[in-house]
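Okay, here's what each chain looks like letter by letter:
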There are 2 protein chains.
Amino acid sequence: MDQKSIFVKMALHGWEQEISRAEKFILGLSDEQWQKQIAPDRNSVIYLVGHLIAVNDGILDILGISEKLYPELTAVFVSNPDRSGLEMPSINDLKTYWQTVHQKLNDSFLSMSADDWFSRHTAMTDQDFEVEPSRNKLSVLLGRTRHLSYHMGQIRLVK
Amino acid sequence: MDQKSIFVKMALHGWEQEISRAEKFILGLSDEQWQKQIAPDRNSVIYLVGHLIAVNDGILDILGISEKLYPELTAVFVSNPDRSGLEMPSINDLKTYWQTVHQKLNDSFLSMSADDWFSRHTAMTDQDFEVEPSRNKLSVLLGRTRHLSYHMGQIRLVK
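The sections below set out a description of the structure shown in this document. (Residues numbered from 1 in each chain as written. Chains lettered and ligands numbered in written order. Predicted model: local features only at pLDDT ≥ 70, side-chain atom pairs only at ≥ 80, totals over all residues. Heavy atoms only, no water.)

Moving on: the overall build of chain A. Across its full length, chain A holds 8 helices and 0 strands. Element order for chain A, N to C, with α for helix and β for strand: α-α-α-α-α-α-α-α. Taken over the C-alpha trace, chain A has a radius of gyration of 17 Å; the compact-globule value for 159 residues is 15 Å, and the two agree within 12%. Overall, chain A is about 50 × 30 × 25 Å in size when its C-alpha atoms are taken along their principal axes. Within the span of chain A, comprising 159 residues, buried residues form 50% of the whole. Of all intrachain contacts in chain A linking residues separated by at least 6 positions in sequence, the fraction that spans at least 24 positions is 69%. Carbon and sulfur atoms make up 46% of the accessible area of chain A, which amounts to about 7500 Å² in all. Charged side chains of chain A number 17 positive and 21 negative; the gap between the two group centres comes to 7 Å. (Helix = DSSP H or I, 4+ residues; strand = E, 2+ residues; numbered from the N terminus. Rg over C-alpha atoms; globule rule 2.2 N^0.38 Å. Buried < 20%, exposed > 50% of the residue type's maximum accessible area, 1.4 Å probe, protein only. Contact = heavy atoms within 4.5 Å. Areas by Shrake-Rupley, 256 points an atom, 1.4 Å probe, with all protein chains shown as cover. Lys, Arg positive; Asp, Glu negative; His and termini not counted. Charge placed at Lys NZ, Arg CZ, Asp CG, Glu CD.)

This part is about the interface of chain A and chain B. Each partner contributes residues to the interface: chain A has 33 residues there, and chain B has 32 residues. Counting the surface lost from both chain A and chain B, the interface buries some 2700 Å², and carbon and sulfur atoms represent 68% of this. Its salt-bridge partner being glutamate 132 of chain A, residue lysine 9 of chain B comes within 3.3 Å of it at the nearest N-O pair. Our enumeration of links across chain A and chain B arrives at 10 residue pairs in polar contact (both at pLDDT 80 or more). Elements represented by at least two residues in the side of chain A that touches chain B include exactly helix 1 (3-27) and helix 8 (137-155) of chain A. Split by residue class, the side of chain A that touches chain B holds 15 nonpolar, 10 polar and 8 charged. (Buried area = accessible area lost by both parts, 1.4 Å probe. Salt bridge = Lys/Arg side-chain N within 4 Å of Asp/Glu carboxyl O. Polar contact = N/O pair within 3.5 Å; in protein donor to acceptor, adjacent residues only side chain to side chain. Nonpolar A, V, L, I, M, F, W, Y, C, P; charged D, E, K, R; others polar.)

The next point concerns the packing of helix 1 (residues 3-27) of chain B against helix 8 (residues 137-155) of chain B. Packed helix pairs are specified by the crossing angle of their axes together with the interaxial distance, meaning the distance between the axes. All names here are of chain B. Put simply, helix 1 and helix 8 touch, their axes get as near as 10 Å, and they point 30 degrees apart. It follows from the interaxial angle that helix 1 and helix 8 lie roughly parallel. Regarding helix 1 and helix 8, the two cross each other, and that crossing is left-handed. Note on element contacts: helix 8 touches helix 1 through Leu138, Leu141, Leu142, Arg144, Thr145, Leu148, Ser149, Met152 and Ile155, opposite Phe7, Val8, Ala11, Leu12, Gly14, Trp15, Glu18, Ile19, Ala22, Phe25 and Ile26. Of the residues belonging to the contact of helix 1 with helix 8, the class tally is 15 nonpolar, 3 polar and 2 charged. (Axes fitted to C-alpha atoms, helices over the stretch in contact; angles between N-to-C directions. Parallel < 35°, antiparallel > 145°, perpendicular 65-115°, else oblique. Left-handed = near helix turned anticlockwise from the far one by under 90°.)

Let us now look at the environment of asparagine 106 of chain A. All names here are of chain A. Tracing the backbone through its elements, the reader meets asparagine 106 in helix 5 (residues 91-110). Residue asparagine 106 is classed as partly exposed on the basis of its relative accessible area of 24%. Measuring from C-alpha to C-alpha, the distance between asparagine 106 and histidine 151 comes to 20 Å, with 45 residues separating the pair along the chain.

With that settled, the discussion passes to the nonpolar core. Within soluble globular proteins, side chains that are nonpolar tend to cluster in buried spots. In terms of nonpolar packing, the biggest core is built from 100 residues, with Phe109, Trp117 and Leu138 of chain A together with Phe7, Phe109 and Trp117 of chain B touching the most fellow members. Apart from residues no more than four positions distant in its own chain, tryptophan 117 of chain B is found in contact with Val8, Leu12, Leu63, Phe109, Met112, Asn136, Lys137, Leu138 and Leu141 of chain B. (Core = buried A, V, L, I, M, F, W, Y, C linked by side-chain atoms within 4.5 Å.)

The next thing to look at is the relation of the copies chain A and chain B. Look at the two chain copies: a rotation about an axis and a shift along it is all it takes to match them. When chain A is fitted to chain B, the residual RMSD is 0.1 Å, and the transformation amounts to a turn of 180 degrees plus an axial shift of 0.1 Å. In the structure described here, the two chain copies are related by an operation that fits a two-fold rotation axis. No C-alpha of chain A approaches the rotation axis more nearly than that of tyrosine 150 of chain A, which lies at 2.1 Å. Looking at chain A, 97% of its interface residues are interface residues in chain B too, so the copies touch through the same face. (Least-squares fit on C-alpha atoms with pLDDT ≥ 70 in both.)

Right, let's get into empty space enclosed by the protein. Applying the stated criterion across every chain yields a total of 1 cavity of 30 Å³ or more. What lines the largest cavity is a set of 13 residues, and nearest its centre among them are Leu142, Thr145 and Arg146 of chain A together with Leu142 and Arg146 of chain B. At the level of elements, helix 1 and helix 8 of chain A together with helix 1 and helix 8 of chain B are the ones that each hand at least two residues to the lining of the largest cavity. Tallying contributions element by element places helix 1 of chain A first for the lining of the largest cavity, with 4 residues. Of the residues that constitute the lining of the largest cavity, the class distribution is 7 nonpolar, 4 polar and 2 charged. (1 Å grid on protein atoms, 1.4 Å probe; cavity = no way out; pocket = protein on both sides within 12 Å on 5 of 7 lines; lining within 4 Å. Points joined across faces, edges and corners; volume = space filled by probe spheres on them.)

This part takes up the environment of isoleucine 19 of chain A. All names here are of chain A. Looking at where isoleucine 19 falls in the secondary structure, it is placed in helix 1. Isoleucine 19 sits 130 residues away from serine 149 along the chain, and the two C-alpha atoms are 9.1 Å apart. When neighbours within four sequence positions are excluded, isoleucine 19 is seen to be in contact with Asn56, Trp98, His102 and Leu148.

Coordinates in, geometry out; function isn't part of it.
Following this line, the structure appears as structure tokens:
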């Protein structure tokens, strides 16, 4: 295995491990647990899961794989806080969205070469990227993995 | 800059960003906030901060930099749960330990070459490492960064 593939493997391994643990936990929650707040007056589980789906859906766009699958989630789960009054999808729909987004991400990741991962993401200009080559597609994946860990630390409080 | 160095820079950037945000937040808490639980019947802030210090102190050992600076923290904050009855250090002492551990880590990281990061960590045998070269020192840093994000998602609930 060449050096570059080792880096990609390390980053992907962290992502896959966190997603797979998160998915197991989230799909195992009862409807009542989905509706609960993680602490008094804090975000509900349904909001946080919707937030993770919406943010991870955005990886498709920022990596140039495709447009977001569920762009309508951004208003409900990213631009606005929990209990904004905006209608949320049902728990069953969110379970489907979670699996669809992460399946598409994982399929797309499999077809990406190490060179693809070290290329510029769509939110960087060519000029910025020349100055800062570490802000590549793989750095997006590392950042989104930390974001997932952060909110999973909260979601797990519901049990 | 070669690919290996870029990847090291990416991983270190993530670590430094998370540590610096965490430090700013934790050192800005009142003594009363340190004593609070992050949610009813859940871990206290003081326990979670002690846990992060103890686990990050262990990075010195697993990367072969030095022995742990505060090995006595493991029993209180890792092997045993919160409210175990074991005596905790004072908040002021924990603030000092936090800064000392992370200063030593950051100083040590500065002197490590990209090749150092891609070498075997002390919890791997040579034989295992040959089979799985992605389980190197940098993978320890990536994992500890996710661990930090996970618990910071919880600690931030106190405010």
